[in-house]
Amino acid sequence: MKKKLSLLLCAALTATTLAGCGQAQSSPAGTDAGTEASAAGSAGSKEGEKILTYAVMEEPETLDPTLNNYSTSSTFLQNMFCGLFQLEADGSLSNAMCDTYEVSGDGLTYTFTLKDGLKWSDGSDLTAGDFEYSWKRVLNPDTASPAAWELHYLKGGEEYNTQGGSAQDVGVKAVDDKTLEVTLKAPTPYFLYLTASSNFFPVKQEVVEGQDPWTKSADTYVCNGAFTLEKINPQSSYVLKKNPNYYDADSVKLDGVEIVIIQSPESALSAYNAGEIDAMGDNLVTSQAIDQYGDTEELKGYDKIGTRYYDFNCSKEYLSNPDVRRALAMAIDRRTICESIVPSKPEPAYGFVPYGIPYEGSSEDFRTVSGDLIQEDVEAAKKLLADAGYPNGEGLPVLTFIVTNTKENKDIAQVIQSMWKDNLGVQADIVTFESKVYWDEQKAGNFDVCFDGWTGDYLDPDTNLNCFTQARAYNQNRWSGENAMKYDSMIEECRNLADNSKRMEIFKEAEAILMDEMPIIPLYYLNAIVLAKPDVTGLVKNANGHTLFRNADKL
């Protein structure tokens, strides 16, 4: 089968058109790399300042922490805001806004004492009341935050967010300017990790509720992290400057960061080789860059606690049968894709929870204990499809397969498209979208199969498996039915258990249900790459894959 797949791979990658390419929607045309980098470099840097120029592929989807549920935006927000704690590159937590904290004996009540003299970037005082306001803003149903579920851990949080409950009953209260009291609905051993994620960041009420859209201009943007926003050059660059009011400003060595938008990996590499940018990461670091710098200290890799996968639209009648979904998942050769298409050569995913998540009571991690849950078997896949009423794909509609319009995602989609056609007789049209448009298409359900991915926020299986509860799956895979409800109840049970050994057993069973129902196709476990010049030090990615500038320096 490997030889056949190699031929498939070549055929897919040499194709000059995509099936359904007439429907493709392209990103706005970008300038060439040199122009982009030069435009950012002229955006206000002064002689002698340490300015790091970092390239990304696309603009942030949002600059409002309350509304963030995206990886690109998180890199911006993690550098311009901070919560009670911060997640470091080694997976540990460090104190940020929090000075000390106490936990009640039953594990339900956390009392946080903030550090002295905390300020917003505009110099005004930052207090515990800002945290209370911000957390309740995330839960406010009128806000419609896509990440509100992350605060359902708070007592009364889910009721306020989804059931008409009261904000007054939510378990977060500013006792005074320096004391924040948080009450959870159940003991949550990873709660401190949650406070390091963007949805737990504070935002300033009078700015957020002001007349002007506060995230659209540096003039109205107020934050509390190591850097603040100096200028937005749409579709070109975002210029950050050191925040003198950051609680640990003395440790920040850079005067600023210019984040330039370069849509083409080839252009980004040219800009890097020409010295126009100092660093770049992830989708911009393709095989060409790895071939050139793979044996040098300039290229660094980081494991992430996340998974690349595809959603099925289970609300479609022809995809409502788990046998059809399993057949499509089993007919893919993941290792060929990982080794031949994805530059970082990640590990294939034969389950959903990635490596690196602990399994309580075992020296092995959760993935190792749970083992492989997906069997790649073309003959078995053909039988499943035939038993479902679609022998050799006959009678199955042409699948609408949507992805974001990066080269890597399009290349992978082409190979999967070819595997489905050759192995199962299933036809798929690939439709590509610019990132900002793409997620709206997913939410609207305008797909049969769609690109997706998730990186967890904390070292517990819950951070991955709760992605597929009914509250979160409604605008993704739209999985429903008896087993989906059972899965929901198991994840909820784990959130209310203090016995971690029992939690692991339930999580293991829940993942098995997920992989048997197959509302998603896990493809590979995520990792992250940074390419940075030799004179750049301290530039790292944390366990979530977010690039951190606060400890970086440019020698």
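The shown structure was predicted, so the numbers you read here are calculated from the model rather than taken from an experiment.

A. Local environment of the sheet that holds strand β7 (residues 179–183). Strand order across the open sheet formed by four strands is β4-β5-β7-β6, with antiparallel pairing between neighbours. The strands lining the two open edges of the sheet, one partner per strand, are β4 (98–103) and β6 (172–176). Ignoring which end each strand starts from, the neighbouring axes of this sheet average 20° apart. Pairing of β6 with β7 involves four bridges; the strand directions are antiparallel. Bridging across to β7, Ala-174 finds its partner in Leu-180. Its contacts with the sheet place helix α4 (residues 128–139) against β5 (109–114), β6 and β7, and it is angled at close to 165° to β6.

B. Representation of the pairing of strand β10 (residues 256–261) in the model. Most of β10 sits out of view: six of its six residues are buried. The side-chain alternation of β10 yields two buried faces, one formed by Gly-256, Glu-258 and Val-260 and the other by Val-257, Ile-259 and Ile-261. Sheet analysis places strand β1 (residues 51–56) next to β10, joined by six bridges and oriented parallel. Bridge pairing in β10 places Leu-52 opposite Val-257.

C. Region of interest: the nonpolar core. Among the nonpolar cores identified, the biggest contains 77 residues, and Tyr-310, Ile-337, Phe-401 and Trp-420 are the most heavily contacted of them. Residues contacting Ile-337, with those up to four places away along its chain left out, are Ile-332, Val-342, Ile-412, Val-415, Ile-416, Met-419 and Leu-523. Ranked by size, the runner-up nonpolar core spans 73 residues in total, among them Leu-139, Leu-194, Trp-214 and Tyr-246.

D. Quick peek at the pattern of salt bridges. If you walk through the whole model with that rule in mind, you get 24 salt bridges. Between Lys-136 and Glu-132 there is a salt bridge, with the nearest N and O atoms lying 2.9 Å from each other. Of the two residues, Lys-136 and Glu-132 both sit in helix α4, four residues apart, roughly one turn of that helix. Residue class for Lys-136 comes out buried when judged on its relative accessible area of 12%. Across the pair Arg-503 and Asp-460 runs a salt bridge whose closest N-O atoms are separated by 3.0 Å. Taken together, the residues Arg-503 in helix α19 (residues 500–517) and Asp-460 in the loop between β15 (449–455) and α16 (462–465) connect sequence positions 43 residues apart. Asp-460 shares its class with Arg-503; the two are buried.

What counts and how
Residues numbered from 1 in each chain as written. Predicted model: local features only at pLDDT ≥ 70, side-chain atom pairs only at ≥ 80, totals over all residues. Heavy atoms only, no water. Pairing = 2+ DSSP bridges. Helix = DSSP H or I, 4+ residues; strand = E, 2+ residues; numbered from the N terminus. Axes fitted to C-alpha atoms, helices over the stretch in contact; angles between N-to-C directions. Contact = heavy atoms within 4.5 Å. Buried < 20%, exposed > 50% of the residue type's maximum accessible area, 1.4 Å probe, protein only. Core = buried A, V, L, I, M, F, W, Y, C linked by side-chain atoms within 4.5 Å. Salt bridge = Lys/Arg side-chain N within 4 Å of Asp/Glu carboxyl O.

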